[in-house]
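# Overview (structure and organization)
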Amino acid sequence: MTTIDIKNITKIIKKNTVLDNISLTMSSGKIYGFQGINGSGKTMLMRCIIGLIHPTSGRISINGKFLGKDIEFPESIGFLLENPAFLDGYTGIENLRMLTKLNRNLTDTELNTILDKVELTDAGNKKYKKYSLGMKQRLGIAAAVMEHPDILILDEPTNALDTNGINIVKDIIVSERNHGALVIISCHDTDLLINLSDEIFRLQAGQLVEHTVKKSTAK
Amino acid sequence: MKFIKIFTSDIHNGIFKKCYLLILPAIMTVFICISCIARIHAYTNINDIPDFTYSVADMWLFVYGGMAQYTPTASEPFQFPAIWSAILALSSLLVLNYPTKDMLGIGSHIIVSSGSRRKWWFSKILWCTLFTILYHLVIFVVILISGIISHADLTLAIDSQLQHHIHELKPYIPLMNVSHIPVSAIFLPVLISILFNLIQLTLQLFIKPSYSFLCICIIMISSAYLMTPFLPYNYAIPLRYNWIYENGFKYVYGYPAVALIVTMVILFGLYRFKNFDIIKKEDT
């Protein structure tokens, strides 16, 4: 069971308040949608949860451990933030292999299974620089989910994807949720976000303005 | 164990995959060595000493020597030591982009997976040090090969008169008659180069990489202009060391100075990186 507890976090960058006193709680087995226009603070909030940026004030705890104090980063997390970034000179599978070496050290068979899932089977041995935008996005999603992390954060996961790609991503997100992961997504496609998410947090100018719980998941 | 994996990936991505960059100092040194040999021949012709012998140390000092002390006067404009600064600035330029690019790209996944910013930072410190050593090793090897091809003595012997000529020093800047270059003097410019590349790496936690490179270049120019041990690039100018220049400073002090500043830079960088927001500048 994974719980993320965010208490009164504020982030000020160059005198600009990008997150303003946000508090929320999330737990595993659910999909949380972050909704808001560009610059509303979705990506910043995600970066804070990952531990890439430090809030100016407030605290984030994961399973009771304070981020930046007890732990520097969540212990089991996969993420895709905006545009995926891999090494151009490496093939898709080489990029995944390099990332997995640090933790679970997945076998090539396991990596190929992930590539199958995102329908990059044939492109696994192609250099990343030759990937189309959609293929890059699929590889980014593969990298985020390959180790089946407890926390999965996907910022605009459907960017540059065709209808088939969007359906694959939807299936992956639901599958990870069903396996007990805490999934956080943001997406400009409101219908998709509403359709996928169990709870939606709407952000506006760095503030959390609305929290909606889907009836089917509300206790 | 995770640190070793991060460092291995840095060696692979930042050295093996970028080893083609080391062709640049090699090519540059070839041209410098050709220029050096031409000047040596001019010296032997002027002084009519056809059986004159020079050493690879003479060639090394031409490459790394820098410039003698400059005294600002109205009649003598400041002449920047082009070869010396090209050698040191190129090393800073080649290590400029990899850490930031890595941090904002795939490295952000590596940092999070490692669970520790400290490991990533130390890995980059080691990578930067190793790349700089390799860079200077390439230069040393090219000097050695050029020396072998041009029949130079493979010794550390130095001819002060020759150095005076090939560096085009003013008559009022006498070099002492020294027989050999001390081994300890050879490694100091390399250490200073490592030091400034680490300073540049740390500066990137505050300012854009291009600005950090600019800062390093400004310190370099200032050091060439003003001979003072407080501008540490002076420790990378062997022509100002007291073993060859009477009014030079005790270069051996450079070693503890480098050790002290490197330690401070690493710790300061570590502290800064622990609190650093890993985010593109345009997103802020």
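Okay, so let's go over this structure. (Residues numbered from 1 in each chain as written. Chains lettered and ligands numbered in written order. Predicted model: local features only at pLDDT ≥ 70, side-chain atom pairs only at ≥ 80, totals over all residues. Heavy atoms only, no water.)

Moving on, we come to helix 9 (residues 183-203) of chain B. Spanning 21 residues, helix 9 of chain B covers 31 Å between terminal C-alpha atoms, matching the ideal 30 Å at 1.5 Å per step. Taking burial as the measure, the 21 residues of helix 9 of chain B include 16 buried ones, the bulk of the element. (Helix = DSSP H or I, 4+ residues; strand = E, 2+ residues; numbered from the N terminus. Expected span 1.5 Å × (residues − 1). Buried < 20%, exposed > 50% of the residue type's maximum accessible area, 1.4 Å probe, protein only.)

Another point: the sheet that holds strand 3 (residues 31-35) of chain A. All names here are of chain A. Taking strand neighbours across the sheet as the criterion, the 6 strands line up as 6-7-8-3-9-10 in an open arrangement whose pairing is mixed. One side of each edge strand has no neighbouring strand; the edge strands of this open sheet are strand 6 (77-80) and strand 10 (207-213). Direction aside, neighbouring strands of the sheet carry axes that sit 15° apart on average. Packed on one face of the sheet, helix 1 (residues 42-50) meets strand 3, strand 6, strand 7 (151-155), strand 8 (182-186) and strand 9 (199-204) and runs near 155° to strand 7. Sheet contacts for helix 4 (residues 133-145): strand 6 and strand 7; angle to strand 6, the most-contacted strand, approximately 165°. (Pairing = 2+ DSSP bridges. Axes fitted to C-alpha atoms, helices over the stretch in contact; angles between N-to-C directions. Contact = heavy atoms within 4.5 Å.)

A full pass over the atoms with the stated rule returns 12 salt bridges over all chains. Note that Asp5 of chain A and Lys7 of chain A form a salt bridge whose closest N and O atoms lie 3.2 Å from each other. Ionic pairing is found between Lys11 of chain A and Asp277 of chain B, a salt bridge with its closest N-O pair at 2.5 Å. Taken together, the positions of Lys11 of chain A in strand 1 (residues 3-13) and Asp277 of chain B in the segment after helix 11 (254-274) put the pair across two chains. A residue is classified by how much of its surface remains accessible, and Lys11 of chain A, at 6% relative accessible area, is buried. Relative accessible area serves as the criterion here: at 18%, Asp277 of chain B is assigned to the buried category. Through salt bridges with shared partners, a single network forms among Glu119, Arg138 and Asp162 of chain A. (Salt bridge = Lys/Arg side-chain N within 4 Å of Asp/Glu carboxyl O.)

For the structure shown, the criterion picks out 24 aromatic pairs over all chains. Plain terms: the ring middles of Tyr64 of chain B and Phe140 of chain B are 5.6 Å apart, the flat faces sit at 75° to each other, and that makes the pair edge-to-face. Residue Tyr64 of chain B is found in helix 3 (residues 56-64), and its partner Phe140 of chain B is found in helix 7 (residues 117-149); the two are separated by 76 residues along the sequence. Measuring from centroid to centroid gives 6.5 Å for Tyr241 of chain B and Phe249 of chain B, while their planes differ by 65°, and the two rings are edge-to-face. A single burial state applies to Tyr241 of chain B and to Phe249 of chain B, both of which are buried. Directly above the aromatic system of Tyr128 of chain A lies the positively charged group of Lys136 of chain A, at a separation of 5.3 Å from the ring centroid. Its guanidinium or amino end placed over the ring of Phe273 of chain B, Arg117 of chain B lies 5.6 Å from that ring's centre, counting from NZ or CZ. (Phe/Tyr/Trp six-rings, centres within 6.5 Å; stacked < 30°, edge-to-face > 60°. Lys NZ or Arg CZ within 6 Å of the ring centre and 35° of its normal.)

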